[in-house]
Amino acid sequence: MADSKSNQFDRRDFLKGAAAGAAALAATPEPAAAAPTQAQPPAVALPSAQARVAETQPVPLDIQALVEDHPGSDFMVDVLKHLGFEYVAANPGSSFRSLHESIVNYGGNKAPELLTCCHEESSAFMACGYAKVEGKPMAIMAHSTVGLQHASIGVYEAFGAGVPVFIILGNTIDAADRRPGVEWSHSAQDAASMVRDYTKWDDLPISLTHFAESAVRGYKIAMTPPMGPVVLVADSHLQEAGVEEHGPLRMPRLTLARPPAADSGAVAELAKLLVAAENPVLLGGQAIRTPEGMRLLIELAETLQAPVSGGKFPSRHPLRQGGGAIRNADLVVGLDVPDFWGTVNTYLDQHVRRVQSNTRPGVKLVSLTSGDLYLKSNYQNFQRYTEVDMAIAADPEATLPSLLEAVKRLVTPDRQRAFAERGKRIAAASAQALEQARTAATFGWNESPISVPRLTAELWNAIKDHDWANVGGVGGGPLWNIDKHYQTIDGGGVSAEGGDLPTAVGAALAHRKHGRLAVSIQKDGDFMYAPGALWTAAHHRIPFLSVMHNNRCYHQEVMHIQRMANRHQRGITNAGIGNRLDDPNIDFAAMARAMGVHGEGPITNPNDLGPAIRRAVDVVLKGEPALVDVVSQPR
Amino acid sequence: MKGITSFALALAAAFVVATAILAAQNPGAAPAAANAQAAPKGSAENGKKVFSSYGCYECHGYAAQGGGAGPRLAPRPIAFTAFSKYVRLPTGQMPPYTSKVVSDQELADIFAFLSSIPAAPAANTIPILTR
């Protein structure tokens, strides 16, 4: 087949002529391929008379000039299959039309399956949610300039959260190959530059061999801690031209890099500090990715009888502690903590800024993070510089096995007795904290708008007997018994607006094949950025429950404006202007129903909440998404 | 709502603040009757209104129950002198309410509202809270 088509004429020139002269083509069976070139200004050296004759010969309207049985995009699909992508999320765009068609037809729309998204930011956030659960990237396709502009906030979120996302960016690099009009405004000279400040790596392959190598390289880079998003530009010509232009093609082998573990000296030193400390605290941060990681962290905490604050650690484990645990600590070990400085300090947001330390004098701080291995300068999501006593640039999960061994070797019977005493104290404090959380939830229990603890308690009551997973940022704290690594996906990130819903949909998709009941508490303002992700959930039968924490405003901003009004000593009743989402109230249940999703609410009576959630859970258990709109207290 | 991805993080941050507050709150917590004696006379009805319109609810909740952005203020508020001092000159994250924007009478009204809030049900009487 390749031979039959090779070099009978320059296909690209022909197609350009055909596009420009579409009307002529329709009128006459003899296309005048030369006509558009006549309008071009002369080249530096004019072609010879013979060449001109050859070039201006009418090209026979050969079926081969109109079809391509083996476009480059078929090979690109082979590459995506080779890398094991389950899904490609995209809002359709012409710059990747050939790849889109290849996924659907050549690839059979299976592994990867195309997910229809209503906004590129939804695609990007869905990929974040998926990766947070599945531990590997989802591919997304974005349309050159405008698509990537839309996607960019989700890409930034992936970067901030250290989440692998694989972005395929359609673009047309060859100016002579662009259709006039929109394709020019939708093409860029350096398309990936827009997100280069917050992606780990990008490339613009100019051959299919180059594409395959860069795809495999990009995947590996995305998956090496600190993980992050990568961009691969898929040039439209590369997609649409035949594979035969590229000679023999092969698939490069993927070998993922082993995550960087701490060196043995650093491990020994940290183990010594941990065993000697009277009140060590482990900050869980974003360290844990896998069940094994969680098991190791639990074993480390139990060996030391040291409390763990934050991160993926069972919420009702006796060694689980809140942020206050560090007040008494003589050693704080931060495991991939996104904002270590902000954890050990309180920054008072008053007119004259003040900093209060949350730790006692003489405390030793140790950071163990792969974040030290990779930083970019422009976007400031790396947070304030923390003065630590020891900085270990390594992946915590990869370091936990050797750290645990080193700690065990150092524990003497004396220390063990001290640890046991400490463990008893911490367990008592944890039990007390749980009781306090329960008591705190009683205040405002019967209020309308409905209190947030009531909302989370009602949701917990409906899910606790299932294999559940929280796919949202808002969780129930100690009121929920969280004991599996996949039950939460929060942590890190850049507080990107509009990400909660699509992140939840992507995470719920990852949970679907495991049969888990995915639930999320959704925020009204955030939901309104790109609610179309709910339709995507309905369209692809992605079961999950969205409980709307609907305080009818951008409440964080209300508090900011209140702060300013108070500081300026005027207009303290006006903080809602520009921030309220009422008059008219948004009917989220109706929005859900309009997108084919079970919708209930607005629920204003707290006694109606439990039954509404149970009905919605029944819908989700049948494999469909559902939404319950709850008119809630602000926080 | 926007600007917060993780309620858990916000809660953790609030916990740091709240532990400091709890330390201040417990010794100050006096029986409502004693507070009422020390406090100037106020209108609970107007207090409820301004608690909402002046934005106290934003961080403390409409029923002053507390939450992710501020501690519980009722039932059994702290003594009036400590209360009004804190509102005027907060030492933590709370924005100040000077006498230019909230009158002493309005503070008394808010205090009357806080003092009027009834006790909450005990946790063990709410079955779903015990799971």
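Residues numbered from 1 in each chain as written. Chains lettered and ligands numbered in written order. Predicted model: local features only at pLDDT ≥ 70, side-chain atom pairs only at ≥ 80, totals over all residues. Heavy atoms only, no water.

1. Section: the pairing of strand E2 (residues 113-116) of chain A
Residue and element names in this part refer to chain A.
Consideration 1: With four bridges joining them, strand E1 (residues 87-90) and E2 adopt parallel strand pairing. In the sheet register, Val 88 faces E2, and the bridge partner there is Leu 114.
Consideration 2: Tracing the backbone out of E1, into helix H7 (residues 97-106) and back to the parallel element E2 gives a crossover that is right-handed. (Pairing = 2+ DSSP bridges. Helix = DSSP H or I, 4+ residues; strand = E, 2+ residues; numbered from the N terminus. Right-handed = clockwise from strand over helix to strand, strands pointing away.)

2. Things to note about the environment of B:Gln93
Consideration 1: Structurally, the position occupied by B:Gln93 is in the loop between helix H5 (80-88) and helix H6 (104-116).
Consideration 2: As a C-alpha pair, B:Gln93 and B:Gly70 span 23 residues in sequence and 8.9 Å in three-dimensional space.
Consideration 3: Within the local environment of B:Gln93, its side chain forms a polar contact with the backbone nitrogen of A:Asp349, the two atoms lying 2.9 Å apart. (Polar contact = N/O pair within 3.5 Å; in protein donor to acceptor, adjacent residues only side chain to side chain.)

3. Regarding the side chain of A:Ser546
Residue and element names in this part refer to chain A.
Consideration 1: Here Ser 546 is to be found in strand E17 (residues 545-550).
Consideration 2: Judged by its relative accessible area of 0%, Ser 546 is buried.
Consideration 3: Residues within four places of Ser 546 in sequence aside, it is in contact with Ser 520, Gln 522, Ala 626, Leu 627 and Val 628. (Buried < 20%, exposed > 50% of the residue type's maximum accessible area, 1.4 Å probe, protein only. Contact = heavy atoms within 4.5 Å.)

4. Points about the interface of chain B and chain A
Consideration 1: On the chain A side, the residues contacting the 49 residues of chain B number 63 residues.
Consideration 2: Interface area, chain B with chain A, both sides summed: about 4,800 Å², of which 60% is carbon and sulfur.
Consideration 3: For the pair chain B and chain A, the number of links is zero salt bridges.
Consideration 4: If you list the elements that add at least two residues to the side of chain B that touches chain A, you get helix H1 (7-28) and helix H4 (56-60) of chain B. (Buried area = accessible area lost by both parts, 1.4 Å probe. Salt bridge = Lys/Arg side-chain N within 4 Å of Asp/Glu carboxyl O.)

5. Some points on the packing of helix H13 (residues 264-276) of chain A against helix H16 (residues 396-410) of chain A
Residues and elements named next belong to chain A.
Consideration 1: Look at H13 against H16: their axes get within 9 Å of each other, and the N-to-C directions meet at 50°. With respect to each other, H13 and H16 are oriented oblique. As H13 runs across H16, the sense of the crossing is right-handed. On H16, the residues touching Val 267, Leu 270, Ala 271, Lys 272, Leu 274 and Val 275 of H13 are Thr 399, Ser 402, Leu 403, Ala 406, Val 407 and Leu 410. (Axes fitted to C-alpha atoms, helices over the stretch in contact; angles between N-to-C directions. Parallel < 35°, antiparallel > 145°, perpendicular 65-115°, else oblique. Left-handed = near helix turned anticlockwise from the far one by under 90°.)

6. A few points about the pairing of strand E16 (residues 517-523) of chain A
Residues and elements named next belong to chain A.
Consideration 1: Counting buried positions over the seven residues of E16 gives seven, a clear majority of the element.
Consideration 2: Going residue by residue along E16, you find Leu 517, Val 519, Ile 521 and Lys 523 tucked away on one face and Ala 518, Ser 520 and Gln 522 tucked away on the opposite face as well.
Consideration 3: Both strand E15 (residues 468-470) and E16 contribute to a ladder of three bridges, which runs parallel. Bridging from a neighbouring strand, Ala 469 pairs with Ala 518 of E16.
Consideration 4: Relative to E17, E16 runs parallel, the two sharing five bridges. Residue pairing across strands places Lys 523 opposite His 549, the latter belonging to E17.

Worth remembering: the numbers are spatial, not functional.
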